[in-house]
Amino acid sequence: MLEVKNLSKTFSPGTVNEVRALQGVDFTLAEGGFSAIIGTNGSGKSTVLNAIAGTFQPDEGRIILDGIDITRWPEFKRAALIGRVFQNPFAGTAAEMSIAENIVMAMKRGRRRGLGWAVDRNTREEIGARVRALKMGLEDRLDNPIGTLSGGQRQALTLLMATWLRPRILLLDEHTAALDPKSAAKVAELTSEIIARDKLTALMVTHSMQQAVAMPERIIMMHRGKIVEDYHGEMKRRVRIPDLVETFNRVTKRDLFSESAAVMLMGQYR
Amino acid sequence: MSLVLGAFTMGLILALLSLGMLISFRMIRFTDISVDGTITLGSSVTAVCLASGMDPWPAVLLATAAGCAAGAVTGILHTRFHIQELLSGILVMTALYSINLRIMGRSNIPLLDVPKVADGAEGLVAILAGAGGKIDLLGWPVPIADVAAFVSSLLICVASALLLRYFLLTHLGTALRAAGNNPQMARAQGFNHQAAVVFGLALANGLVALAGSLLAQYQGFSDVQMGIGMMVWGLASIIIGEALVRHNGIGLMICGTILGTILFRLLIAIALRWGLNPNDLKLVTAVFVFLALIAPALGGRIKARLRQGDSHAGS
């Protein structure tokens, strides 16, 4: 279970570039739930994910994962509990190292790395079996540098690596956005499959409303660093793309007014 | 023949420097300038230890440990205090100049009548050679001491290379390489990228100081100026090595670096024999590294030009 409490972050405070990226974001993800965050550019959806992953320290608020307060943990320490897939298909793997070596890194995520051979025969067989299950024909290329693979193949392997050891939470940062449509569909299908099979708690940031409607059980909509809508349960099952678009239009229309006027008039647009 | 043997011995000793730089420059991708200082640190520590009557092997170990410490300082300056890579290296290198003078107490210590690591090999070679003080190598008589220096350098270099290959293929070594290749990925897999930089630089400079230690014993002196330009020599050797083997696995990269260093020393020996002014050596090396660095781009442009030429010819 993930609890995000009153999270706030302002980048470059006191300068012309000041960005109030998060303004009191509050939500709880239930154990084993798959949720998505959607929102416009600059709404803070990726910032929430990065705050949980630990790429920066929030100004205020707490992040509690399975009862452990990880707010002040450095990024690499949190990785023991968190699996991540990035938007950039090249970010999650070390290009010049082989498929097997990359996966070995994931097999030791958050564990002690000693002076044993990294890729011994047993490990190779274990890796081969799970890579074969991806059905991408990569099991014969375990010793090839991962940089020789396509973006879709690398993203599928990153997903495999993120979930090799069961993470307490899986963070997906628009992980299909940079792929061609066919690879994107394949990676999305694989994502749903793994999350359902391992009953993972997962949080996905996405641009695609179609994905948000089809894949997760809950949709959190963000705008200007705040949560503006939270579809879950029966409400989420009924929601369709036009409903999301309508909500988007409503919250962006609010921007036409000053912030204080928007708060005053909000009732009329609901 | 003595010249060739000398170039090989020198190449094997400096191969340790190149292997150290292979870790810093190629594995963790840290442009570590402090190399010029740490190789002298290795030779200074060794010279003082040997001159005060210490056994050669403990002296070598102490020199290596000093190199590790210096490398760790460079890493800590960069990771903990957020000083740029180059500046961290320059700070440590500058500080080491004074430290080396302090260690030696003067700018030069001769090492003529002290025990050295090559002594063990010398006894062995003397038994093989029998009486006479010279050994026959492919028809040329070579002094036993030269052969012994070559044999001991070869053994130390091969042992270090094997250990390094083993380490880089362990879980820890793999994580170290991943941290250099993609720091974001290493962090996401729970590996502390900053610790990797400190540890990698310690390892790299330990090897560099080891090279300095053996160099002092082989040359028979330690001098506070001897490190100048060593980094560029090491880089040139790595580049030659990469041209020999390309990027093909850890074992080949290590072999390539060693062969590259030896080849580089041979080229230098030949150039000096042909009358190259030793004072110009560093300029020539710098130009060589410059050419090697721009070669890929230059090659591409020439290829493009040729292709253009083809299309003209076709039309």
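Summary of the structure given here. As the structure is a computational prediction, the values presented were derived from the model and not from experiment.

Attention now moves to the pairing of strand β6 (residues 82-85) of chain A. Residues and elements named next belong to chain A. Of the two faces of β6, both are covered, the one formed by Ile 82 and Arg 84 as well as the one formed by Gly 83 and Val 85. Of the pairings in the sheet, the one linking β6 to strand β7 (residues 169-173) comprises 4 bridges and is parallel in character. Looking across to β7, one finds that Gly 83 is bridged to Leu 170.

Residue and element names in this part refer to chain A. Ordered in space as β2-β1-β4-β5, the 4 strands form an open sheet in which the pairing is antiparallel. Two strands close off the open sheet at either side, each with one partner strand: β2 (19-29) and β5 (68-69). In this structure, strand β1 (residues 2-11) lies alongside β2, joined through 8 bridges in antiparallel fashion. Residue Phe 11 lies in a different strand from β2, and its bridge partner there is Val 19. Strands β1, β2 and β4 (60-65) of the sheet are contacted by helix α1 (residues 45-53), whose axis makes an angle of about 70° with β2.

Turning our attention to the packing of aromatic side chains. Under the criterion given, the structure shown has 4 aromatic pairs over all chains. A centroid spacing of 5.0 Å and a plane angle of 85° characterise the contact between Trp 117 of chain A and Tyr 166 of chain B, whose relative ring orientation is edge-to-face. Of the two residues, Trp 117 of chain A sits in the loop between α3 (99-107) and α4 (121-132) while Tyr 166 of chain B sits in helix α6 (residues 144-168), which places them in two different chains. For Trp 117 of chain A, a relative accessible area of 44% translates into the label partly exposed. Look at Phe 8 of chain B and Phe 150 of chain B: their rings are 6.4 Å apart centre to centre, the planes differ by 80°, and that puts the pair in the edge-to-face class. With Phe 8 of chain B in helix α1 (residues 2-27) and Phe 150 of chain B in helix α6, the pair connects residues that are 142 residues apart, well separated along the chain. In this structure, Arg 130 of chain A packs its charged tip against the face of Trp 164 of chain A, placed 4.1 Å from the ring centre.

Moving on, we get to the packing of α1 of chain B against helix α10 (residues 230-245) of chain B. Residues and elements named next belong to chain B. Two elements in contact, α1 and α10, have axes separated by 9 Å at closest approach and are oriented at 80°. Classified by the angle between their axes, α1 and α10 sit roughly perpendicular to one another. Contact residues: Leu 14, Leu 17, Ser 18, Met 21, Leu 22, Phe 25 and Arg 26 in α1; Met 230, Met 231, Trp 233, Gly 234, Leu 235, Ser 237, Ile 238, Ile 239 and Glu 242 in α10.

Time to look at the nonpolar core. In terms of nonpolar packing, the biggest core is built from 100 residues, with Ile 103, Ile 127 and Leu 157 of chain A together with Leu 17 and Ile 258 of chain B touching the most fellow members. One finds Phe 27, Ile 52, Ile 169 and Met 222 of chain A within the second-largest nonpolar core, a separate group that totals 25 residues.

Residue and element names in this part refer to chain B. Two elements in contact, helix α3 (residues 56-79) and helix α9 (residues 193-219), have axes separated by 6 Å at closest approach and are oriented at 145°. Considering only the axes of α3 and α9, their crossing is right-handed. Contact with α3, carried on its side by Val 60, Ala 63, Thr 64, Gly 67, Cys 68, Gly 71, Ala 72, Thr 74, Gly 75, Ile 76 and Thr 79, involves Gln 194, Val 197, Val 198, Leu 201, Ala 202, Asn 205, Gly 206, Ala 209, Leu 210, Ser 213 and Gln 217 of α9 and no other residues of that element.

A cluster of nonpolar residues, Leu 86, Leu 87, Ile 90 and Leu 91 of chain B, forms a patch on the protein surface that exposes about 320 Å² of accessible area. Relative to the helices and strands, Ile 90 of chain B is located in helix α4 (residues 85-104).

On to the interface of chain A and chain B. Listed per partner, the contact involves 29 residues of chain A and 23 residues of chain B. Overall, the association of chain A and chain B removes approximately 2,400 Å² of surface from exposure, summing both partners, and the carbon and sulfur fraction of that is 61%. There are 3 salt bridges connecting chain A and chain B. Taking the shortest distance from any N to any O, the salt bridge between Arg 29 of chain B and Glu 96 of chain A comes out at 2.9 Å. Linking chain A with chain B are 14 residue pairs in polar contact (both at pLDDT 80 or more), by the criterion used here. At the level of secondary structure, the elements contributing two or more residues to the side of chain A that touches chain B comprise α2 (75-78), β6 and α3 of chain A. Considering every element that reaches the side of chain A that touches chain B, the biggest residue donor is α3 of chain A, with 5 residues.

The next thing to look at is the side chain of Ser 43 of chain B. By the secondary structure assignment, Ser 43 of chain B is in helix α2 (residues 35-51). Residue contacts for Ser 43 of chain B: discarding those within four places in its chain leaves Gly 212, Ser 213, Ala 216, Ser 222 and Met 226 of chain B.

Attention now moves to the sheet that holds β6 of chain A. Residues and elements named next belong to chain A. Overall, mixed pairing links the 6 strands, which are arranged β6-β7-β8-β3-β9-β10 in an open sheet. Two strands in the sheet have a free side with no partner beyond their single neighbour: β6 and β10 (226-232). Each adjacent strand pair in this sheet contributes to an overall mean axis angle of 20°, direction not counted. Strand direction decides the pairing type here: strand β9 (residues 218-223) and β10, joined by 6 bridges, are antiparallel. Residue Ile 220 lies in a different strand from β10, and its bridge partner there is Asp 230. Contacts between α1 and the sheet are confined to β3 (34-39), β6, β7, β8 (202-205) and β9, with β7 contributing the most and set at about 145° to the helix. Contacting β6 and β7, helix α5 (residues 151-162) runs over the sheet at an angle of about 175° to β6.

Below, the discussion takes up the environment of Ile 64 of chain A. All names here are of chain A. Along the chain, Ile 64 turns up in strand β4. Residues Ile 64 and Thr 28, 36 residues apart in the sequence, show an inter-C-alpha distance of 9.4 Å. Not counting the four nearest positions on each side in its chain, Ile 64 is found in contact with Met 1, Leu 2, Glu 3, Lys 5 and Asp 69.

Turning our eyes to something else, we now look at the pattern of salt bridges. According to the stated counting rule, one finds 15 salt bridges over all chains in the structure shown. Among the salt bridges present, the one from Arg 84 of chain A reaches Glu 75 of chain A, with a minimum N-O distance of 2.8 Å. By relative accessible area, which is 9% here, Glu 75 of chain A ends up buried. The partner of Asp 198 of chain A in a salt bridge is Arg 197 of chain A, and the shortest N-O contact between them spans 3.0 Å. Here Asp 198 of chain A falls in the partly exposed class, since its relative accessible area comes to 21%. The network of salt bridges with common partners includes Glu 75 and Arg 84 of chain A together with Arg 187 of chain B.

Definitions and limits used
- Per chain, residue numbering runs from 1 following the sequence as it is written.
- Chains carry letters and ligands carry numbers; both start at the beginning, A for chains and 1 for ligands, and go up in the order they are written.
- pLDDT decides what is reported in this predicted model: residues at 70 or higher carry local features, side-chain atom pairs at 80 or more are listed and counted, and totals for whole chains, interfaces and linings draw on all residues regardless.
- Note that water and hydrogens are dropped before the side-chain values are worked out from all heavy atoms of the structure.
- Accessibility here uses a 1.4 Å probe with only protein chains present; expressed as a share of the type maximum, an area under 20% marks a residue as buried, one over 50% as exposed, and anything in between as partly exposed.
- Only DSSP runs of H or I covering at least 4 residues are called helices, and only runs of E covering at least 2 are called strands; the numbering of each starts at the N terminus.
- Paired strands, as defined in this entry, are two strands with at least two bridges between them according to DSSP.
- Here, residues are in contact when the closest pair of their heavy atoms is within 4.5 Å.
- With axes taken as lines fitted to C-alpha atoms, and helix axes fitted only over the stretch in contact, angles between N-to-C directions fall between 0 and 180 degrees.
- Any Phe, Tyr or Trp ring, taking Trp's six-membered ring, that has another such ring centre within 6.5 Å forms a pair; planes under 30 degrees apart are called stacked, those over 60 apart edge-to-face, and the others tilted.
- For a ring to carry a charge above it, either NZ of a lysine or CZ of an arginine must fall within 6 Å of the ring centroid while also lying within 35 degrees of the normal to the ring plane.
- Orientation labels follow simple angle bins: below 35 degrees gives roughly parallel, above 145 gives roughly antiparallel, 65 to 115 gives roughly perpendicular, and whatever is left gives oblique.
- Within this scheme, the nonpolar core is defined by two criteria: the residues are buried Ala, Val, Leu, Ile, Met, Phe, Trp, Tyr or Cys, and they are joined through side-chain atoms within 4.5 Å.
- Each helix crossing is assigned a hand: it is left-handed if the near helix lies turned anticlockwise from the far helix by less than a right angle, otherwise right-handed if that turn is clockwise.
- The patches reported here contain residues having more than 30% relative accessible area and no salt bridge. Joining distances are 9 Å for like charges and 5 Å for nonpolar side chains (Val, Leu, Ile, Met, Phe, Trp, Tyr).
- Methods summary: accessible areas were calculated by the Shrake-Rupley approach with a probe of 1.4 Å, and residue burial reflects only the protein chains presented.
- The rule for a salt bridge is simple: a side-chain nitrogen of Lys or Arg has to be within 4 Å of a carboxyl oxygen of Asp or Glu.
- Two parts placed together each lose some accessible area under a 1.4 Å probe, and the buried area is that loss summed for both.
- Any pair of N or O atoms that falls within 3.5 Å is considered a polar contact. Within protein, one atom must be able to donate a hydrogen and the other to accept it, and sequence-neighbouring residues count only if both atoms are side-chain atoms.

From the geometry alone we can't say anything about function, so treat these as descriptive.
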